[in-house]
Amino acid sequence: MNDVLEAISPATSLSGPVTCVSKVELRVSCKALLDRDTLNKSDPCVLLMVQTNGQWTELDRTEVIKSNLHPVFAKVFSLDYYFEEVQKLRFEVYDIHGTHSIGTRDDDFLGGVECTLGQIVAQKKMVKPLLLKYGKYAGKSIITVHAEEISGNNGYVELSFCAKKLDDKDLFSKSDPFLEIYRINDDETEQLVHRTEVIKNNLNPVWEPFKVSLISLCSCDEERKLKCLVWDYDSRGKHDFIGEFYATFRDMQKISSGNKVTWDCVNPKYKQKKRNYKNSGVVILTDLKLHRVYSFLDYIMGGCQIHFTVAIDFTASNGDPRNSCSLHYINPYQPNEYLKALIAVGEICQDYDSDKRFSALGFGARIPPNYEVSHDFAINFNPEDDECEEIQGVVEAYQNCLPKIQLYGPTNVSPIINRIAKLAAGDGSIKDASRYHILLILTDGVVTDMADTREAIVRAAYQPLSIIIVGVGNADFTDMQILDGDDGVLRSPKGESVLRDIVQFVPFRDFKTASPAALAKCVLAEVPKQVVEYYSHKAISPMCPMRDLLTPILSPVATTPTE
């Protein structure tokens, strides 16, 4: 399950107050799906599609449940919810063949439904019939979507379960057990919280640890009853029931005293019929770790420094700097677009860097003394120290640099991305939240080394780094949108998807008549969320957290975040 993260509103800049966006979790189940397979039942999977600029793109998908026409999916979809926006969603159900491949034949499509996230949130539980193409009903098939808001001050828990001496349900081999945990709601309905993986041929399984938000597990009510079921997996979907037990989160917290928590796994039918029946095995909670959920301000107030680097395009397509039509022309009365973008973003970032020194790099020019083309040079011409004093120092270095270089090409940005990513990675010994990097790339055209740039961004996503690209001038920047993961998942040339969205692309011309603050607000809006995502993924807490975000029910338990 995805970690529960505090998101930041797109309408928020680093300089203004941080506004928390609601994070919503969606759980999906279906009933009475069409049976498309000849010998077995359908193997359903649900795709979640989102609409952006009129185009549908896949956001995520559930696991595949074998041979089941009434699937309850364990996958949890996590989305940011904006009250002021119409967020269109589409759920599509497919019968999967092979390794998660979506078939192109009509008979692989089991039905779909369109709605808005607002509709689901308003209803909390949305039930709708599935429709085939042209609005035809998919028999009596229905889809149910449950919504839960995950507030910003919730933690999550990591649980580790194992079992011993489970009943053997198979004739020629041992059982293939898996565990399901259901939360019992106030109306006595049951909501699947987690389904473990299947452990093959083992009566003493050790399941992989898993993470779940506290609101998902028990609605932050430590006395809420949890129903836990152990099954023997069957590839045809006819799983054999081994046993069940009931627990609460308060029960689980007893592990904090150093004792393992154990439950008898009981089959009620056996208990009723067999006089000496004790259990069908025992299930053991071997570890429980509570994790804090931190906000962007927790990291900043804990001492995290934002290190700002600017990279400037000095390719010939900008025009001769001595010509007033050049994008690099220095007008004594008005800054050019490069300087406007640099100052607007840099003045925000400098508030979060204690030494107020910023790296300033250039690419695409012939530089002294040999006038060879460089795609990664210090604009102060000091390779040993490329930093400038405050934003004004960067501006002066830029102005002093222009008469000394020859604008050339091509527009290659991957060398600088790789350089900053390496700097952000350090020597591997830094494992705290002491520094996060922002790379601002100012360019007048589409990058030439697109394949290498995509690869560099995919690699850079593993480091504490965000990349902002501002397109200067009137070029067609359509191809640059591929680098911004907002409309889909960025992938490397080899097909590896980016770990997290770290790129924000904005054409400067969209803000020509707006204030510098509007540009800064737009390009920096995603940075707080990206900072939290990176450190949360790494399970790194702020160095000196200013406030405890765990809910009061967690006070009896050790709450130190994992290393």
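Quick summary incoming for the structure in this document. (Residues numbered from 1 in each chain as written. Predicted model: local features only at pLDDT ≥ 70, side-chain atom pairs only at ≥ 80, totals over all residues. Heavy atoms only, no water.)

Bringing the sheet that holds strand β21 (residues 372-374) into the picture now. Spatial ordering of the open sheet is given by β21-β20-β24, a layout of three strands whose pairing is antiparallel. Only two strands of the sheet have a single partner each, and these edge strands are β21 and β24 (406-407). Relative to β24, strand β20 (residues 365-367) runs antiparallel, the two being bridged by two bridges. Note on β24: the bridge partner recorded for A365 is L407. (Pairing = 2+ DSSP bridges. Helix = DSSP H or I, 4+ residues; strand = E, 2+ residues; numbered from the N terminus.)

What follows covers helix α8 (residues 414-425). For α8, spanning twelve residues, the distance from its first C-alpha to its last is 16 Å, which sits close to the expected 16 Å at 1.5 Å a residue. Within the sequence span of α8, burial applies to S414, I416, I417, I420, A421 and A424. One side of α8 carries all its buried residues, which in axial view fall inside an arc of 160°. In the core, the buried residues of α8 are packed alongside β18 (305-313), β19 (357-363), β25 (435-443), α9 (450-460) and β26 (465-471). (Expected span 1.5 Å × (residues − 1). Buried < 20%, exposed > 50% of the residue type's maximum accessible area, 1.4 Å probe, protein only. Arc of directions from axis to C-beta. Contact = heavy atoms within 4.5 Å.)

Evaluation of the coordinates by the stated rule reveals 15 aromatic pairs. Judged by centre distance (6.3 Å) and plane angle (40°), the ring pair of F161 and W263 falls under tilted. Within this pair, whereas F161 is found in strand β10 (residues 156-164), its partner W263 is found in strand β16 (residues 261-264), the two being separated by 102 residues in sequence. Residue class for F161 comes out buried when judged on its relative accessible area of 2%. (Phe/Tyr/Trp six-rings, centres within 6.5 Å; stacked < 30°, edge-to-face > 60°.)

It is the contact of α8 with α9, at a shortest axis distance of 9 Å, that shows an interaxial angle of 15°. The orientation of α8 relative to α9 falls into the category roughly parallel. The two elements α8 and α9 meet at a crossing, and its hand is left-handed. Taken together, the residues of α9 that come into contact with α8 (itself represented by S414, I417, N418 and A421) are D452, T453, A456, I457 and A460. (Axes fitted to C-alpha atoms, helices over the stretch in contact; angles between N-to-C directions. Parallel < 35°, antiparallel > 145°, perpendicular 65-115°, else oblique. Left-handed = near helix turned anticlockwise from the far one by under 90°.)

In total, this model carries 26 salt bridges according to the counting rule given. Between E25 and R27 there is a salt bridge; the shortest N-O distance is 3.6 Å. The buried category is assigned to E25, whose relative accessible area is 2%. R27 sits in the buried class, given a relative accessible area of 4%. (Salt bridge = Lys/Arg side-chain N within 4 Å of Asp/Glu carboxyl O.)

Right, let's get into the sheet that holds strand β12 (residues 190-195). Taken in spatial order, the four strands of this open sheet run β12-β11-β14-β15, and their pairing is antiparallel. Two strands close off the open sheet at either side, each with one partner strand: β12 and β15 (240-247). Across this sheet, the average inter-strand angle for adjacent strands is 25°, counted without regard to direction. As defined by bridge partners, strand β14 (residues 226-232) adjoins β15 across seven bridges and the pair is classed as antiparallel.

Now for the nonpolar core. Core analysis: the largest hydrophobic core is formed by 56 residues, its most contacted members being F308, F314 and L524. Of the residues forming this core, the biggest block, eight residues, is contributed by helix α6 (residues 337-349). Once you skip the residues sitting within four places of it in the chain, F308 turns out to touch L342, V345, G346, C349, D353, F358, S359, I391, I438 and L440. (Core = buried A, V, L, I, M, F, W, Y, C linked by side-chain atoms within 4.5 Å.)

With an omega of 10°, the peptide bond running from P368 to P369 counts as cis. In this structure, P369 sits in the loop between β20 and β21. Each neighbour pair has its own omega, and for G409 with P410 the value is 0°, a cis peptide bond. Among the structural elements, P410 can be located in the loop between β24 and α8. A positive phi angle, close to 65°, is found at Y134, a residue other than glycine.

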